[in-house]
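Structure assessment
For reference, the chains in residue letters:
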Amino acid sequence: MPGLGKDVNEPRSRVGRTRQQSLSEMSSSFIHESFTSSVDFPTYIPWQTLSSDLSEKLKHGSIRISRSNRVEYTTIHEEGERVPLIDDQDSTSSVKTEAVHGGASWGVATFLLVNTALGAGVLNYPAAYNRAGGVYVAAGLQVVILLLLGATMLVLARCSDLNCDNTYHDVLLSMCGKRAQQLSALSILFSCYGICITFLVIVGDQYDRLFASIFGNTFCHTWYLNRDFTILITAVVCILPMSYFQRLDFLRYASTLGLFAMLYPVFLTVYEYYMLDVVPGRIKVVPHTVVDVFIVIPVFSFAYQTHEIVVPVYSCMKNRNLREFTKATCLSMIILFFIYCMAGSFGYLTFGTKVPPDIMQGYGGKDPVVLICIGALVIKMVTTYPQILLCGRGALDGFYAEFSKISTEKFIRGEKKRRIIITTFWFITTVLLSIFTPNITVVIELLGCLASANVFIFPGLCLLSMTNMNDPDLQKWKSYVMLALSCIMVTFGAFVFGVLLLQVILVEFSGRKEGHEPLCL
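All figures in this text were calculated on a predicted structure; none of them were measured in a lab. All chains use their own residue numbering, which begins from 1 and follows the written sequence. With pLDDT at 70 or above as the cut-off, local features in this predicted model cover only qualifying residues; side-chain atom pairs require 80 or more to be listed or tallied, and sums for whole chains, interfaces and linings still use all residues. Neither water nor hydrogens contribute to the side-chain values; these are computed over all heavy atoms in the structure.

From N to C terminus, the protein chain includes 17 helices and 3 strands. Classification of residues uses two cut-offs on accessible area relative to the type maximum, computed with a 1.4 Å probe and protein chains only: under 20% is buried, over 50% is exposed, and between them is partly exposed. Evaluated residue by residue, the protein chain yields a buried proportion of 55% over its 521 residues. Across the protein chain, the fraction of contacts at a sequence separation of at least 24, relative to all contacts at a separation of at least 6, is 82%. Surface exposure here means Shrake-Rupley accessible area, sampled with a 1.4 Å probe, where a residue is shielded only by the protein chains that are shown. As presented, the protein chain carries roughly 23,000 Å² of accessible surface, and 66% of it is formed by carbon and sulfur atoms. Runs of H or I in DSSP of at least four residues are treated as helices and runs of E of at least two as strands, each being numbered from the N terminus. Should any heavy atoms of two residues lie within 4.5 Å, those residues are counted as being in contact.

So this is what it looks like as structure tokens:
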């Protein structure tokens, strides 16, 4: 009987070990895939497809756009013949990037969406809660926004299936025409530019917090402690050398680590809520005016914005279908909602109406827990700026190729010269604007204007076009529902865009700033 018992138990134990190994392999595969495919922003979208010539060559497979926006293959003799410009083993795909190699599961797609959305907006979230009218109003408003954003993300995914498009602007080209595609690319270009300014402002804020704690509130009267100098020297020494690179593969893991760098401030707001001895201002339960609610909507939309990479992520999934992508969309929105609610609620309840535009400005720089966060944020901004610049540089390249009608061969030969000119101009102007920008609230609100267009207006136009394609005579009742929904999305996005832009302009011209005490007196 011992032999029999051994024969029976051995297969069970073997099955158990096999299952454990399978689970272990799946876990390690998910972690590896997540780390190697994560991006902070749609940095690697092939913007060169804005050019008709380049777009056709991409579709026919005669050229290939790499993960870092570099053209890797080009036609030498005839269409279909590819000669590698760099040594790359993967030469079987025309529009496949390193981030999507092998296809992504819906869990990895969730990670990509969360990693893209979670950024500098988390630092401004407590101030947004103050503007929205308190914790409950802000949370309820986010739920409504999440439902709308989720719907627009699924609209983009569905529209991409109609013509097998792989990028956000290609969907707009197919559904709404060339002008809509160019306007969308221009909107995202300005978003990249504004985000770079925000990153530099945040770097200056972190130095201010540190120096105010060490040297007192007159630190900025010393020239080498003044934020004008600290922003400039950090940008020139740490950011500029990386910005001229054509490839940024060496920053691929910094992208993922940046996600955890942005999670640390969330932990810090909870930690300081219980540890910090401060008398908060008034805790609101309703917004001051109705206008404040409309102003906060784009700010919240910007915080959840992943629409630029929705189509690339959807197209790279192993199982490209709406059911799988819906799971990724819902889970990513839930994770982001939990993270942002933690940061906004605890940060706002700590300071009340005295909450600063950048929540980090409210914490003492001598605390080791705060010091870790300051260092993590500076590293995050320094390593992410070149990636966002690369995205904007690619967009400008695409516009140049489109409007100059340049051929693919000339486009490739002039890449180095354009890269130097665009990078230099981009860097100098963003540094100057960051020095003269009082706080991140102004930039975040302007970025929110653009976000309202990208997440409401353009998807609404796509839905309208899809409705017209499926049922041009409007014979089905579902068509009327889709038509009404598309009109609501476009109208709502345009209204919020106009209200927020007007509010920002009026506030700036009137000289009013967000109420908070300056760190330097």
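After that view of the structure, there is still more to cover.
A side-chain nitrogen of Lys or Arg and a carboxyl oxygen of Asp or Glu constitute a salt bridge if their distance falls within 4 Å. In total, this model carries 5 salt bridges according to the counting rule given. In this structure, Arg-227 and Asp-208 form a salt bridge, with 2.5 Å as the shortest nitrogen-oxygen distance. Taken together, the positions of Arg-227 in helix α8 (residues 227-243) and Asp-208 in helix α7 (residues 178-215) put the pair 19 residues apart, joining distant regions of the chain. Its relative accessible area of 7% is what places Asp-208 among the buried residues. Here Glu-324 and Lys-327 are joined by a salt bridge, their closest N and O atoms 3.1 Å apart.

Checked against the element boundaries, Thr-350 lands in helix α12 (residues 322-351). The buried category is assigned to Thr-350, whose relative accessible area is 4%.

A word on α8. The quantity called bend is, for any residue, the angle between two axes fitted respectively to the seven residues ending at it and the seven beginning at it. Along α8, the helix axis deviates most sharply at Val-236, where the bend reaches about 40°. Those residues of α8 hidden inside the fold are in contact with α7, α13 (368-404) and α15 (415-436). Between a side-chain oxygen at the N-terminus of α8 and the backbone nitrogen of Asp-228 the separation is 2.9 Å; the capping residue is Asn-226. Think of a polar contact as two N or O atoms within 3.5 Å of one another; within protein, one of them needs to be a possible hydrogen donor and the other a possible acceptor, and neighboring residues in sequence only count if both atoms come from side chains.

What we call a nonpolar core is a set of buried Ala, Val, Leu, Ile, Met, Phe, Trp, Tyr and Cys residues that are connected through their side-chain atoms within 4.5 Å. In this structure, Leu-123, Phe-300, Tyr-304, Met-360 and Tyr-385 are the most contacted members of the largest nonpolar core, which totals 120 residues. With 16 residues, the single largest contributor to this core is α7. Contact partners of Phe-300, with chain neighbours within four places excluded, come to Tyr-125, Ala-128, Tyr-129, Ala-132, Ala-138, Leu-141, Gln-142 and Ile-145. Ranked by size, the runner-up nonpolar core spans 5 residues in total, among them Ile-295, Cys-449, Leu-500 and Val-504.

This part is about the packing of aromatic side chains. Only the six-membered ring of Trp is used, alongside the rings of Phe and Tyr, when aromatic pairs are assigned; centres must lie within 6.5 Å, and planes under 30 degrees apart are stacked while those over 60 apart are edge-to-face, with the rest tilted. Across all of its chains, the model carries 20 aromatic pairs by this definition. Plain terms: the ring middles of Trp-223 and Phe-229 are 5.0 Å apart, the flat faces sit at 75° to each other, and that makes the pair edge-to-face.

The next thing to look at is a nonpolar patch on the surface. The grouping of Trp-223, Tyr-224, Phe-229, Leu-232, Ile-233, Val-236 and Val-237 at the surface amounts to a nonpolar patch, some 660 Å² of accessible area in total. With respect to the helices, strands and loops of the structure, Val-236 is situated in helix α8. Only residues above 30% relative accessible area that lack a salt bridge enter a patch, with like-charged residues linked at up to 9 Å and the nonpolar side chains Val, Leu, Ile, Met, Phe, Trp and Tyr linked at up to 5 Å.

In this section: the packing of α7 against α13. Helix axes use the C-alpha atoms of the stretch in contact, all axes being lines fitted to C-alpha atoms, and the angles between their N-to-C directions lie in the range 0 to 180 degrees. Following both chains from N to C, one finds α7 and α13 inclined at 155°, their axes separated by 8 Å at the closest point. Viewed along their axes, α7 and α13 adopt a mutual orientation that is roughly antiparallel. Along this stretch, α7 crosses α13, giving a crossing that reads as left-handed. Residues were grouped as follows: Ala, Val, Leu, Ile, Met, Phe, Trp, Tyr, Cys and Pro as nonpolar; Asp, Glu, Lys and Arg as charged; and all remaining residues, including Gly, as polar. Across the contact of α7 with α13, the residue classes break down as 25 nonpolar, 4 polar and 3 charged. Orientation categories follow fixed angle ranges, with anything under 35 degrees roughly parallel, anything over 145 roughly antiparallel, 65 to 115 roughly perpendicular, and all other angles oblique. In this scheme the crossing of two helices becomes right-handed for a clockwise turn of the near helix relative to the far one and left-handed for an anticlockwise turn of less than a right angle.

In this section: the side chain of Asn-124. Within the secondary structure, Asn-124 sits in helix α4 (residues 121-132). Owing to a relative accessible area of 4%, Asn-124 belongs among the buried residues under this scheme. Setting aside chain neighbours within four positions, we find Asn-124 in contact with Val-299, Pro-357, Ile-440, Thr-441 and Ile-444.

What follows deals with the confidence of the model for the protein chain. When pLDDT is averaged along the protein chain, the result is 75; 76% of the residues meet or exceed 70. Think of pLDDT as the predictor's per-residue confidence, scored from 0 to 100. Confidence drops under pLDDT 50 across residues 1-13; counting only partners more than four residues distant or on other chains, this segment forms 1 contact. Across residues 30-55, confidence stays below pLDDT 50; counting only partners more than four residues off in sequence or on other chains, it has 106 contacts.

Expected span, for any helix, means 1.5 Å times one less than how many residues it has. Across its 38 residues, α7 extends 55 Å between first and last C-alpha, which sits within 8% of the 56 Å expected from 1.5 Å per residue. In the stretch just after α7, Gly-216 is the one whose phi turns positive, near 95°.

With that settled, consider the environment of Glu-272. By secondary structure assignment, the location of Glu-272 is in helix α9 (residues 252-275). Residue Glu-272 is classed as buried on the basis of its relative accessible area, which comes to 4%. Along the primary structure Glu-272 and Phe-346 are separated by 74 residues, whereas in three dimensions their C-alpha atoms are 8.5 Å apart. Those residues in contact with Glu-272 that sit more than four places away from it in its chain are Thr-350, Tyr-363, Asp-367 and Val-370.

Right, let's talk about the environment of Thr-437 for a bit. Within the secondary structure, Thr-437 is located in the loop between α15 and α16 (440-470). A residue is classified by how much of its surface remains accessible, and Thr-437, at 12% relative accessible area, is buried. Residues Thr-437 and Thr-198 lie 239 residues apart in sequence; the distance between their C-alpha atoms is 9.0 Å. A distance of 2.5 Å separates a polar atom in the side chain of Thr-437 from the backbone oxygen of Leu-433.

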